[in-house]
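Inside the fold
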Amino acid sequence: MKDWYNANPFFYAKIPTLQRIFIRQNAYKCAVIDISAIFHRLSIYRFMHLSSKLLEQAVHAFTSLPGIGKKTALRLALHLLQQDKERVQDFCNALGQMRTHIQFCRTCHNLSDFETCDVCSSTTRDKGMVCVVESIREAMAIENTQHYNGVYHVLGGLISPLDGITPQMLHIDSLVARVQTGEVRELIMALSPTIEGETTIFYINKQLESINADVQISSIARGVSFGGELEYADELTLGRSIVSRVPYKIGG
Ligand SMILES: [Zn+2]
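This is a predicted model, so every value here is computed, not measured.

Conventions we followed
- Residues numbered from 1 in each chain as written.
- Predicted model: local features only at pLDDT ≥ 70, side-chain atom pairs only at ≥ 80, totals over all residues.
- Pairing = 2+ DSSP bridges.
- Helix = DSSP H or I, 4+ residues; strand = E, 2+ residues; numbered from the N terminus.
- Right-handed = clockwise from strand over helix to strand, strands pointing away.
- pLDDT = per-residue confidence, 0-100.
- Contact = placed C-beta atoms within 7 Å.
- Axes fitted to C-alpha atoms, helices over the stretch in contact; angles between N-to-C directions.
- Parallel < 35°, antiparallel > 145°, perpendicular 65-115°, else oblique.
- Left-handed = near helix turned anticlockwise from the far one by under 90°.
- Nonpolar A, V, L, I, M, F, W, Y, C, P; charged D, E, K, R; others polar.

Here 4 bridges tie strand β5 (residues 186-190) to strand β6 (residues 216-219), and the two strands are oriented parallel to one another. When the bridges of β6 are listed, Met189 appears paired with Ser219. Between β5 and its parallel partner β6, the chain crosses via helix α9 (residues 195-210), and the hand of that crossover is right-handed.

So this is what it looks like as structure tokens:
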């Protein structure tokens, strides 16, 4: 236990020198304090007995949400208890209505209140430009930039043989069908720069080649992020930035 700091080189390297000396001298004490604190917290939440079964049910329901622990769940449940009954009912109705009535757009597979989403049914959108994204979250992120006036196509995932995700499980056939209508002139591949993302782009490209589709395929720029410092960029990112350099434009 005395050499605890030697067994944690990664953690140890991140601690300023003065604190290292302190930890070296008090390694045993620190470890005991840390472990007892963890056990203390675990015992509180594992054996959290509430005075009401109904409250327990509500806390349990909240903990089923991602990122919500028992402590947060209890705080949320108690917060709702302090609200008017009508307000809490409105809150529950909103969740129920969303779950019951929301659907996927039959054209782009994005979330929609109707068979066709607002973007696909808009008359001001450029239907010839289709941005291909992995999920609705990426479509929302691009939409929030307010720099895109085309439409979308949500694949519903990326090809990943290791995870058992095959092309047939994604909305690739419907993308090819959209291109075959002749309405699409450009596909913008806004997929993650990962093996799965590159594999998916490659597969879609091959599918479109096989039907001699007359469509331009582009991918979003990949390189150094805005506000990032060059010396901290990894070699692959920096290399791609040089290869994919763009002409300088004032205000561009
Ligand atoms: Zn749509």
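Take the pairing of β5 next. Note that strand β3 (residues 126-133) and β5 share 5 bridges and pair parallel. The residue bridging Met129 from the neighbouring strand is Glu186, located in β5.

The next point concerns the confidence of the model for the protein chain. When the pLDDT values of the protein chain are averaged, the result is 84; 80% of them are 70 or greater. Element-level mean pLDDT values for the protein chain span from 46 in helix α1 (residues 9-13) up to 97 in strand β4 (residues 150-154). In this model, residues 9-19 is a region of pLDDT below 50 whose contacts with residues beyond four sequence positions or in other chains number 4 contacts.

Moving on, we get to the packing of helix α3 (residues 53-63) against helix α4 (residues 70-81). Two elements in contact, α3 and α4, have axes whose closest approach is 8 Å; the angle formed by their N-to-C orientations is 125°. Put simply, α3 runs oblique to α4. Relative to α4, α3 is oriented so that their crossing is right-handed. Along the contact surface, α3 presents Leu55, Ala58, Val59, Phe62 and Thr63, while α4 presents Lys70, Ala73, Leu74, Leu76 and Ala77. Residue composition of the contact of α3 with α4, by class: 8 nonpolar, 1 polar and 1 charged.

Read across the open sheet, the 4 strands follow the order β4-β3-β5-β6; overall the sheet is parallel. Of all the strands in the sheet, just β4 and β6 have a single pairing partner and so form its edges. Between one strand axis and the next, the sheet turns through 25° on average, direction left out of account. Those strands touched by helix α7 (residues 136-145) are β3, β4 and β5, and its axis lies near 125° from that of β3.

Its place among the elements puts Ala61 in helix α3. Sequence-wise, Ala61 and Ala73 are 12 residues apart; in three dimensions their C-alpha atoms are separated by 8.2 Å.

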